[in-house]
Amino acid sequence: MKAAVVVEPTKIEIQDIEVPKIKANEVLIKVKTVGVCGSDLHLFKGTHAFRKPPAILGHEIAGEVVEVGPDVTKFRIGDRVTVEPHIGCGECEFCEKDLLNLCTGKKAPGVPGWIGTFSEYFNAPEDIVYKIADDISYEIGTLVEPLAVGIHAIERITVPEKDTIAILGSGTIGLLTLVAAREAGYKNIICTDTQPFNLEMAKKQGAILALNPIEDDVEAKIKEFTNGRGVDVAIVAADAPGIIDQASSIVRKRGEVGIVAMITKQIPVDTYSFVFNEISLFGAMTYETKDFEKANQLVNEGLDLSDFITQRVPLEESQKALDILNEKKENVVKVIVEVDK
Ligand SMILES: NC(=O)c1ccc[n+]([C@@H]2O[C@H](COP(=O)([O-])OP(=O)(O)OC[C@H]3O[C@@H](n4cnc5c(N)ncnc54)[C@H](O)[C@@H]3O)[C@@H](O)[C@H]2O)c1
Ligand SMILES: [Zn+2]
Ligand SMILES: [Zn+2]
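Residues numbered from 1 in each chain as written. Chains lettered and ligands numbered in written order. Predicted model: local features only at pLDDT ≥ 70, side-chain atom pairs only at ≥ 80, totals over all residues. Heavy atoms only, no water.

- Looking up the protein in an unreviewed UniProt entry gives the name Alcohol dehydrogenase catalytic domain-containing protein, with the organism given as Ornithinibacillus hominis.
- The UniProt entry for the protein carries the following comment under Sequence similarities (unreviewed entry): "Belongs to the zinc-containing alcohol dehydrogenase family." (UniProt positions renumbered as here; feature names shortened; annotations may be inferred.)

Written out as structure tokens, the structure is:
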């Protein structure tokens, strides 16, 4: 079968590899569509923490079950599915609490022992496989995974008021966090981005204010909107210098700042504003199973995410898919790779 392999930084080759053999508790999925994610871009550029070239891209997937292991009980051949792409060690305190996202020994696609999803076939244990409803397209099914990231970021909030939230950065993750906030009942959602296209999309998805930090005084506009009080929560979904300080400057006293962006280099932070205003800070790492279930449910109920898919390319052109995201010469939110149309 064909698979898209990053052979060296920024270079992808389509290689012929063996179809994975399934274990007794696994299903084999004929891959239909996969999504390109920020972490694929890190692998592509050679900057990912643990996925290093050569490696197969991808962890976002939708496809059809074509084989089931003898111990599989929930799925049959022909089922349309997506996958929560991590396998916990099964033994640590976090696995015991269903917090696979925090398991240090977890396995993810594209690491030795499990292939990436940019392949014609993909294997997964049935307990991390989820059905996609018959009337939902495969490409929308592929968005369950990044939506789960947004849902988890919102679920991590402990401030009870759902009045005003700011989301800094309106790329795929910021926009899907906006969707999650909207679905969770936040009344006023304020988004920022440096790209007019992304700001338009945020407004279309329900943002009451969409601010561009290059042109707007974000702090002043948010203070004005909230009568000087500040937002209850700010979620950081972009990696930019000074963005944590911007978040703490717009949050109300005893509010919260959540970081979903992977800011891998150390940046200076004004800790005093956290102390002075008693602001709490949290991180949000991928998702818990309950978040993935919620995302899957929302998508199966018909949540319209179609606007977020801005480009589609065939598997053979995976290089182009990554180049689009890397170079950002065109308006882009989610690039879908069509493995089997
Ligand atoms: N925590 C997790 O589990 C998790 C999962 C997936 C992605 N991520 C991370 O989340 C972040 C966002 O991912 P993405 O896929 O949406 O990336 P993206 O590149 O699509 O989005 C980032 C957006 O931020 C905007 N931006 C740049 N500078 C800005 C600024 N100063 N203020 C506001 N916006 C600005 C960009 O224009 C872009 O639209 C990345 O750091 C990614 O690694 C985290
Ligand atoms: Zn992803
Ligand atoms: Zn574990």
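Picking up after the structure, the text goes on.
## Things to note about the overall build of the protein
Moving on, step 1. Looking only at helices and strands, the protein has eleven helices and 16 strands in total.
Moving on, step 2. Relative to the 2.2 N^0.38 estimate, which gives 20 Å for 341 residues, the radius of gyration of the protein is 20 Å and therefore close to what a compact globule would have.
Moving on, step 3. Across its three principal directions, the C-alpha atoms of the protein cover 60 × 40 × 40 Å.
Moving on, step 4. Classification of the 341 residues of the protein by burial places 54% in the buried group.
Moving on, step 5. Counting only contacts in the protein whose residues sit at least 6 apart along the sequence, the fraction spanning at least 24 positions is 68%.
Moving on, step 6. Counting every atom, the protein has about 15200 Å² of accessible surface; 50% of that belongs to carbon and sulfur.
Moving on, step 7. Taken together, the 37 basic and 53 acidic charged side chains of the protein have centroids lying 1 Å from each other. (Helix = DSSP H or I, 4+ residues; strand = E, 2+ residues; numbered from the N terminus. Rg over C-alpha atoms; globule rule 2.2 N^0.38 Å. Buried < 20%, exposed > 50% of the residue type's maximum accessible area, 1.4 Å probe, protein only. Contact = heavy atoms within 4.5 Å. Areas by Shrake-Rupley, 256 points an atom, 1.4 Å probe, with all protein chains shown as cover. Lys, Arg positive; Asp, Glu negative; His and termini not counted. Charge placed at Lys NZ, Arg CZ, Asp CG, Glu CD.)

## Comments concerning helix α8 (residues 243-250)
Moving on, step 1. Most of α8 is tucked away, with seven of its eight residues classed as buried.
Moving on, step 2. Looking only at α8, the buried set comprises I243, I244, Q246, A247, S248, S249 and I250.
Moving on, step 3. Contacts made by the buried residues of α8 are with β9 (164-168), α7 (218-225), β12 (231-236), β13 (251-259) and α9 (271-276).

## Side note on the coordination of the zinc ion (ligand 3)
Moving on, step 1. Looking at the metal site, the zinc ion (ligand 3) is ligated by C89 (SG), C92 (SG), C95 (SG) and C103 (SG), spaced 2.3 to 2.4 Å from it.
Moving on, step 2. Note that the zinc ion (ligand 3) binds four donor atoms; their angles at the metal cover 103 to 115 degrees, and the shape is tetrahedral.
Moving on, step 3. In primary-sequence terms, the residues that donate to the zinc ion (ligand 3) follow C-x2-C-x2-C-x7-C.
Moving on, step 4. Assessed through its relative accessible area of 11%, C95 is described here as buried. (Donors = N, O, S within 2.8 Å, 3.2 Å for Na, K, Ca; no water. Tetrahedral: all angles 85-135°; square planar, octahedral: opposite > 155°, others 65-115°.)

## Here's the deal with the UniProt feature "domain: Alcohol dehydrogenase-like C-terminal" (unreviewed entry) in the protein
Moving on, step 1. Here the UniProt feature "domain: Alcohol dehydrogenase-like C-terminal" (unreviewed entry) sits at residues 173-300.
Moving on, step 2. In the segment residues 173-300, helix accounts for 43% and strand for 21%; the C-alpha atoms at its two ends are 20 Å apart.

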